[in-house]
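# Commentary on secondary and tertiary structure
Below, each chain spelled out in residue letters.
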Amino acid sequence: MATQTQAVFIGIDVSKAELAISGCSDGRIEAVANTKTAVRRWLRSLPPGAAIAVEATGIYHRLVVDEAHGLGHRVYLLDGYKLNRYRDAVGQRAKTDPTDARLIRRYLINEHSNLVPWTPPPAAYTRLYQLLSRRAVLVQARDAVRQSCEDLPVLKASAGAMLRSQARFIALIDKQIVVEINKAGWSADYRRLQAIEGIGPMIAAALVTAFHRGAFKSPDALVAFLGLDVRVRDSGKHSGKRKLTKKGPAEYRRLLYMAAMTASRSASWKPYYQHQLARGKTPTEAFVILARKLTRVAYALMAKQTEYRPAANRQAA
C-alpha cells in the first residue's frame, strides 16, 4: 500500500538580505540568504509540491517566488494589509521577522483552500508594468518641482530646465511603452481602446497591460484587479460607508480617474455622468463610477476583439 505524504506548509518573511522561514510545527525558524544560489539550494531540499506563502514586499520577494514556482512548488503571494489584519485578529503583539514567518505559515495552513496560487505574469506585462511605474514616479516628481517653484521667480530658469529634462525622459519612456506593446502583439487592443472617449495613449497602455496579466473571467474581475471595486461593510440595519478597495496599481486608478474626467465632457458619456449626479453622487463618486464603466467597455472590446461604437454606447448610457 502506497504511503500518503503529508502536505508541507511554509511561511517566508522576506527582507533584502535573507529569508526567515517557518516550516515546522515546533516554531523553529531557518535563515537563508536572499541570493539565487542559497535560495535554489534550499528549495531543492523541499518535498515536491510544497505550499509556500510569501508576503509581497516590493522587489525582494521576487527571487524566491520565481525560483519556487519554477521548481514546481505551489506559491501563494499574500497581501500585506490582509496579513496585518490577520495579526490583529489572532492577537499577536510582536512584529519581527521570525514572528511574521510563523504568522504567514499559520495563515497559509488555515486559509490555503481559499487562496489562489500565484502564477508568473507574461514577460511583456512585467516590462510594461515597470515602465508605467517608473513613468508615474517621474510624473509625480515633475508635478512636485513645478508646484514648489512656481512662486519663486529666482528659481524659474533652473526649474524650467529641469522640467524640460524630465519631459524628455517621460517622452522616452512613452516611446518604449509603445515599442513593448508592439513586440507583445497587443497593438490592436492598444489602438482600439484609444477610440473610447477619454482614453489616451497611456491609459490605453495601462488597460492593455492589466488585461493581459491573466485570464479575467469577467469585466468585474478586471475592475477588482485595478482596485476600483467597492468594499461593503453592513451590519444589521446599519449601512456602512462604501470605499474603494484600492488593491491594484495606484497609477492605473489615477489614469482611469483622469480618463473619466475627460469622458464626462463628451457627448457619449456626459448623460451617464449627469445621471450619477442626479442620483445624489458627488462628482468624485461619479468619476469613479464612470472609470469603472470605461474599464468594462475596454474589457469587452479586448475580450471580444470588436471595435468601439459611440452611438451604441450613448444608447446604453
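As the structure is a prediction and not an experimental result, all values here were calculated from the model. (Residues numbered from 1 in each chain as written. Predicted model: local features only at pLDDT ≥ 70, side-chain atom pairs only at ≥ 80, totals over all residues. Heavy atoms only, no water.)

Scanning the chain for helices and strands turns up 13 helices and nine strands. Along the three orthogonal principal directions, the C-alpha set of the chain runs to about 70 × 55 × 40 Å. Within the span of the chain, comprising 317 residues, buried residues form 40% of the whole. Sequence-distant contacts in the chain: of pairs separated by 6 or more residues, those separated by 24 or more amount to 60%. Accessible area of the chain: about 17,900 Å², with a carbon and sulfur share of 54%. One way to put it: in the chain the 50 positive side-chain charges average out to a point 5 Å from where the 25 negative ones average out. (Helix = DSSP H or I, 4+ residues; strand = E, 2+ residues; numbered from the N terminus. Buried < 20%, exposed > 50% of the residue type's maximum accessible area, 1.4 Å probe, protein only. Contact = heavy atoms within 4.5 Å. Areas by Shrake-Rupley, 256 points an atom, 1.4 Å probe, with all protein chains shown as cover. Lys, Arg positive; Asp, Glu negative; His and termini not counted. Charge placed at Lys NZ, Arg CZ, Asp CG, Glu CD.)

Positionally, R106 belongs in helix α4 (residues 97-111). A C-alpha to C-alpha distance of 51 Å links R106 and R265, two positions 159 residues apart in sequence. Setting aside anything within four residues of it in sequence, one finds R106 in contact with Y86 and V90.

Applying the stated criterion across every chain, the model contains eight aromatic pairs. With 5.9 Å between their ring centres and 20° between their planes, Y125 and Y129 make a pair best called stacked. Linking Y125 with Y129, this pair stays in helix α5 (residues 123-149), spanning four residues, or about one helical turn. On the numbers, 5.6 Å between centres and 70° between planes, the contact of F211 with Y299 is edge-to-face. Here F211 is found in helix α8 (residues 201-211), whereas its partner Y299 is found in helix α12 (residues 283-304), with 88 residues between them in sequence. Aromatic rings pair up to connect Y125, Y129 and Y252 into one cluster. Taking the ring centre of Y125 as reference, the NZ or CZ of R213 above it sits at 5.7 Å. (Phe/Tyr/Trp six-rings, centres within 6.5 Å; stacked < 30°, edge-to-face > 60°. Lys NZ or Arg CZ within 6 Å of the ring centre and 35° of its normal.)

With that settled, the discussion passes to the environment of I177. Turning to its location among the elements, I177 is positioned in helix α6 (residues 156-184). Once residues lying within four places of it in the same chain are set aside, the contact partners of I177 are L128, L131, L132, R135, M202 and A205.

What follows is about the pattern of salt bridges. Considering all chains together, one arrives at 15 salt bridges under this definition. As a salt-bridge pair, R127 and E180 come within 2.7 Å of each other at their nearest N and O atoms. Of the two residues, R127 is situated in helix α5 and E180 in helix α6; the sequence distance between them amounts to 53 residues. Classification of E180 as buried rests on a relative accessible area of 6%. Taken together, the shared-partner salt bridges in this structure form one network comprising D189, R191, R192 and E307. (Salt bridge = Lys/Arg side-chain N within 4 Å of Asp/Glu carboxyl O.)

For the rest of this paragraph, the subject is the sheet that holds strand β4 (residues 51-55). Consider a sheet: its strands pair through backbone hydrogen bonds, and that pairing is either parallel or antiparallel. Read from one edge of the open sheet, five strands run β3-β2-β1-β4-β5, paired in mixed fashion. Looking at which strands have only one partner, the edges of the open sheet turn out to be β3 (29-33) and β5 (74-78). Direction aside, neighbouring strands of the sheet carry axes that sit 25° apart on average. Together, β1 (9-14), β2 (18-22), β3 and β4 form the strand contacts of helix α1 (residues 36-44), whose direction differs from that of β3 by roughly 140°. (Pairing = 2+ DSSP bridges. Axes fitted to C-alpha atoms, helices over the stretch in contact; angles between N-to-C directions.)

Here the phi dihedral of Q305 falls at roughly 55°; this positive angle occurs in a residue that is not glycine. Along the polypeptide, Q305 turns up in the loop between α12 and α13 (310-316). Since its relative accessible area comes to 45%, Q305 is described here as partly exposed.

Let us now look at the pairing of β1. Taken residue by residue, a regular strand's side chains alternate between the two faces of the sheet. With respect to burial, β1 is a largely interior element, six of its six residues being buried. Note: β1 against β4, four bridges, orientation parallel. Along β4, the bridge assignment pairs I10 with I52. The turn linking β1 back onto β2 is made up of three residues.

The next subject is α6. An ideal rise of 1.5 Å per residue puts 42 Å on 29 residues; α6 measures up with 42 Å between its terminal C-alpha atoms. Against α5, α7 (187-193) and α8 lie the buried residues of α6. In the segment just after α6, G185 is the residue with positive phi, at about 80°. (Expected span 1.5 Å × (residues − 1).)

Bringing the pairing of β3 into the picture now. Where β2 meets β3, five bridges bridge the pair, whose relative direction is antiparallel. Note that in β3 the partner of A20 across the bridge is A31. Hairpin connection between β2 and β3: a loop of six residues separates the two successive antiparallel strands, and G27 in this loop has a positive phi of roughly 85°.

With that settled, consider a nonpolar patch on the surface. Together, L152, V154 and L155 give the surface a local cluster of nonpolar side chains, amounting to about 270 Å² of exposed area. Tracing the sequence through the fold places V154 in the loop between α5 and α6. (Patch = residues over 30% accessible without salt bridge, like charges linked within 9 Å, V, L, I, M, F, W, Y side chains within 5 Å.)

With 22 residues, α12 ought to run about 32 Å at 1.5 Å a step, and its terminal C-alpha atoms sit 31 Å apart, in line with that. Once α12 ends, the next one or two residues include Q305, with phi positive near 55°.

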